[in-house]
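What follows is each chain in one-letter form.
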2 protein chains.
Amino acid sequence: MPAIKNTVVIFREDPGQGWVEEKHMEVVHKDFDPDTVEIKPENVLVKTLFLSLDPYMRMRMATGAKSYIHPFQIGEPLQGTAVAEVYRAAEGSKLQKGDLVVGMVDWAEWTIVSEKGLTKVEKKADVPLSYFLGILGMPGYTAYAGLEKIGEPKAGETVYVSGAAGAVGLVVGQIAKAKGCRVIGSAGSDDKVKLLLEEANFDAAFNYKTVKSYTDALKEHCPKGIDVYWDNVGGEMLDAVLPLMNAHGRIPVCGAISQYNASEPYGVKNLSMLIKSKLKLQGFIVGDYYADRELYQRFQQEIVQWIKEKKIVYKEHVDEGIASAPSAFVGMLKGRNTGKQIVKVV
Amino acid sequence: MPAIKNTVVIFREDPGQGWVEEKHMEVVHKDFDPDTVEIKPENVLVKTLFLSLDPYMRMRMATGAKSYIHPFQIGEPLQGTAVAEVYRAAEGSKLQKGDLVVGMVDWAEWTIVSEKGLTKVEKKADVPLSYFLGILGMPGYTAYAGLEKIGEPKAGETVYVSGAAGAVGLVVGQIAKAKGCRVIGSAGSDDKVKLLLEEANFDAAFNYKTVKSYTDALKEHCPKGIDVYWDNVGGEMLDAVLPLMNAHGRIPVCGAISQYNASEPYGVKNLSMLIKSKLKLQGFIVGDYYADRELYQRFQQEIVQWIKEKKIVYKEHVDEGIASAPSAFVGMLKGRNTGKQIVKVV
């Protein structure tokens, strides 16, 4: 292959407390020769096929903050999880040309990465490769593990999911349905609400941007109270939910998307309900559960089975070309996407 | 016995959002003949020996609120847990004159109660009867069960207790010490801080009313961060603690004494730390754990052993006479007491 350009997205500027804008990132085209570039021992050169964009990346843009993952570096490429194909491997590598892997790469067409961080995957019949970034990947396992380990929904219980049309929320709601719960979701557009009701089989759903009162909407749709609240948004919605939780309710705290761009964090006033209703509010990240191999195996088996039985419908929002990643990321944070945000690179 | 007076404390007025004052209660003296008063089947007449006053009672004064326990009724006696002596029992009762019991009675010298709610206790050598209201009763079991089931302190970890000089806090800190943790406490007076350091063997303690910044005080005393935060106060202190919690920290939420009398609840801003540090924040009430008989037996054995070994020092604040209960209750809510608040009735 002759020398070509590698299109890469560089992190230019910490967005501070505000919204991320495209100007905080820059698309550059670097001279690159995949056939001659040096690959150090234990590294491989991979070609990105599908790149995953996820809300947690916003936190990595806070360069000064204490976070669970180290921040992106100004002037360096942004990074994300991708399905990629090995193009060349250092001598002695366990991987070889043509292998399909999932792992952290640059927002780029080509990346040289340590093979340690890559997981080899096998293409499954009837399951698109990009699913390894979603329902069979991090968001899917986030939903599955958070429900199994914290939410513990039981048949007949009421499960409410905020951010329900997002990559994780959609899976959470459908798993809870498959387990026999009554499932209610909220999302930020009428199209998303329609998706929840008509395709994802939620029992009820509402557009949180157009209801007059979160409390009234929740009371209407959850007449028996809420047993499990899957919290993707934090802030004001959490405050509205707390008084409506049933005794011994569980709240897996998976995200706080309403707060990531807030200039002043919202103060949650109803925490006294934790005692009154004996509630558990527990934050987690999926990384804590990868070591649990039994849980992970059960996850892969059950999800593939549910997809085949059509108990789970899985949606993707696909943008094309790595150069579209900045606008796709900005759009996702503003709630433009319906389903898992993917950038199809090749 | 001739007809006498039964001194009873009546609930007169819901204090609303403000502080409880003595005027919200009234001490009355009712004609009473313990020898002739009618005792219906399955009831007994008991004479209160020691009455326990506890912060949770404040919540029962909110007559309109959704709470975990039904509110006190205006015009009726206030109620609380007491050590009492059976004076007369209905025919067929399992209890008889002279039996010692623990259970819910009126704030009164005499109460007729259902025998179902009473637990017979045996006087133990070297352990005062009033201990069944504290370290061997509800506050002690609250501390023990909350630590065992939610806090899970491990040797070498840092445990921070707010409201540390209260009935529960003092036991929490000392159990954590007995388990090999570094224990830090905060309280609202220099005398209480002295008690924590000099008698209860805390590693560090501070007066939250006089420190300039909760955050600075906590950073100074918890240089390795906080693994378990026993939350008795809620509000601003919780907000200060959240960013200082170590990954996978546990926060048993046992009380929110800073909020009971707040006209406007404090909004907690740092809940995003739940995700960043993968924290568990769990409210509970001790009543949930009484069914766990194995836990309860272990509690009684370990605590008596620790008292004998002087690993646990137990403090009481005793007022005399049932008529002192209103002022004692008001004082307790304002933090006047050091250790468990008891009213010695006889």
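Residues numbered from 1 in each chain as written. Chains lettered and ligands numbered in written order. Predicted model: local features only at pLDDT ≥ 70, side-chain atom pairs only at ≥ 80, totals over all residues.

1. Topic: the overall build of chain A
Across its full length, chain A carries 10 helices and 15 strands. Taking 20 Å as the expected radius of gyration for a compact globule of 346 residues, we find that chain A reaches 21 Å, a close match to that expectation. Here the C-alpha coordinates of chain A stretch approximately 65 × 45 × 35 Å along the principal axes. When the 346 residues of chain A are sorted by exposure, 50% land in the buried category. (Helix = DSSP H or I, 4+ residues; strand = E, 2+ residues; numbered from the N terminus. Rg over C-alpha atoms; globule rule 2.2 N^0.38 Å. Buried ≥ 20, exposed ≤ 12 C-beta atoms within 10 Å, placed from the backbone.)

2. Structural notes on the sheet that holds strand 13 (residues 280-283) of chain A
Sheet architecture is open: 12 strands sit in the order 10(A)-9(A)-8(A)-11(A)-12(A)-13(A)-13(B)-12(B)-11(B)-8(B)-9(B)-10(B), paired in mixed fashion. Each having just a single partner strand, strand 10 (204-207) of chain A together with strand 10 (204-207) of chain B make up the two edges of the open sheet. If you compare each strand with its neighbour and ignore which way they point, the axes differ by 15° on average. In this sheet, strand 13 (residues 280-283) of chain B lies alongside strand 12 (residues 245-253) of chain B in parallel orientation, the contact comprising four bridges. Within strand 13 of chain B, the position partnered with B:Pro252 by the bridge is B:Gln282. Against the sheet, helix 4 (residues 190-199) of chain B touches strand 9 (182-187) and strand 10 of chain B, its axis set at about 175° to strand 10 of chain B. (Pairing = 2+ DSSP bridges. Axes fitted to C-alpha atoms, helices over the stretch in contact; angles between N-to-C directions. Contact = placed C-beta atoms within 7 Å.)

3. Some words on the domain arrangement of chain A
Residues and elements named next belong to chain A. Taken domain by domain, chain A consists of domain 1 (4-133 + 315-344) and domain 2 (138-287). For domain 1 and domain 2, the distance between their C-alpha centroids amounts to 29 Å. Every contact between the two is made by 13 residues of domain 1 and, on the other side, 16 residues of domain 2. For the side of domain 1 that touches domain 2, a count of residues per class yields four nonpolar, six polar and three charged. (Domains from an automatic or database assignment. Nonpolar A, V, L, I, M, F, W, Y, C, P; charged D, E, K, R; others polar.)

4. So, the interface of chain A and chain B
The partner chain B presents 26 residues to the 26 residues of chain A that form the contact. Among the elements that line the side of chain A that touches chain B, the one with the most residues is strand 13 of chain A, at four residues. The residue makeup of the side of chain A that touches chain B, split by class, is 12 nonpolar, eight polar and six charged. Pairing between strand 13 of chain A and strand 13 of chain B: three bridges, direction antiparallel. Paired with A:Lys280 across the two strands is B:Gln282, which belongs to strand 13 of chain B.

5. Focus: the environment of A:Ala323
All names here are of chain A. Looking at the secondary structure, you find Ala 323 in the loop between strand 14 (316-320) and helix 10 (325-333). By C-beta crowding, Ala 323 is classed as partly exposed, having 19 other C-beta atoms within 10 Å. A C-alpha to C-alpha distance of 42 Å links Ala 323 and Cys 181, two positions 142 residues apart in sequence. Residues within four places of Ala 323 in sequence aside, it is in contact with Thr 7 and Val 27.

6. Describing the pairing of strand 1 (residues 4-11) of chain A
Residue and element names in this part refer to chain A. For strand 1, the tally of buried residues reaches six of eight residues, placing the bulk of the element in the interior. Strand direction decides the pairing type here: strand 1 and strand 2 (residues 25-32), joined by eight bridges, are antiparallel. Pairing of Phe 11 across the sheet is with Met 25, part of strand 2.

7. Thoughts on the packing of helix 2 (residues 138-151) of chain A against helix 9 (residues 293-308) of chain A
All names here are of chain A. Relative to each other, helix 2 and helix 9 sit at 115°, their axes nearing to 10 Å. The hand of the helix 2/helix 9 crossing is right-handed. Each of Gly 140, Tyr 141, Tyr 144, Ala 145 and Glu 148 in helix 2 lies in contact with helix 9, whose residues at this interface are Leu 295, Tyr 296, Phe 299 and Ile 303. Here the residues of the contact of helix 2 with helix 9 are counted per class, giving seven nonpolar, one polar and one charged. (Left-handed = near helix turned anticlockwise from the far one by under 90°.)

8. Considering the relation of the copies chain A and chain B
These two copies of the chain differ by a rotation about an axis and a displacement along the same axis. The two copies are related by a screw operation: chain A maps onto chain B through 180° of rotation and 0.0 Å of translation along the axis, at an RMSD of 0.0 Å. In short, the pair behaves as if placed about a two-fold rotation axis. Taking the C-alpha atom as reference, chain A places A:Gly267 closest to the rotation axis, 1.8 Å from it. Here 100% of the interface residues in chain A have copies in chain B that are interface residues too; the copies meet face to matching face. (Least-squares fit on C-alpha atoms with pLDDT ≥ 70 in both.)

9. Here's the deal with the nonpolar core
Formed by 206 residues in total, the largest nonpolar core has its most connected members in A:Val241 and B:Val241. Not counting chain neighbours up to four residues away, the residues in contact with A:Val241 comprise A:Tyr160, A:Leu218, A:Ile226 and A:Tyr229. (Core = buried A, V, L, I, M, F, W, Y, C linked by C-beta atoms within 7 Å.)

10. Some points on unusual backbone geometry
Residues and elements named next belong to chain B. Positive phi is not limited to glycine here, since Glu 42 has a value of about 70°. Classification of Glu 42 by C-beta neighbours within 10 Å gives partly exposed; the count is 14. With phi around 65°, His 248 is a residue other than glycine that occupies positive phi space. Residue placement: His 248 occurs in strand 12.

11. What to know about helix 4 (residues 190-199) of chain A
Residue and element names in this part refer to chain A. Among all positions of helix 4, only Lys 192, Val 193, Leu 195 and Leu 196 are buried. In a view along the axis of helix 4, the buried residues occupy a sector of 155°, so they form one face of it. Away from its buried face, by an angle of more than 90 degrees, helix 4 presents the exposed residues Asp 191 and Glu 198. Those residues of helix 4 that are buried are in contact with strand 9 (182-187) and strand 10. Following helix 4 by one or two positions, Asn 201 adopts a phi angle in the positive range, close to 70°. (Arc of directions from axis to C-beta.)

12. Quick notes on the confidence of the model for chain A
For chain A, per-residue confidence averages 93 on the pLDDT scale, and 97% of positions sit at 70 or higher. Taken together, the chains of this predicted complex give a pTM of 0.78 and an interface ipTM of 0.75. (pLDDT = per-residue confidence, 0-100.)

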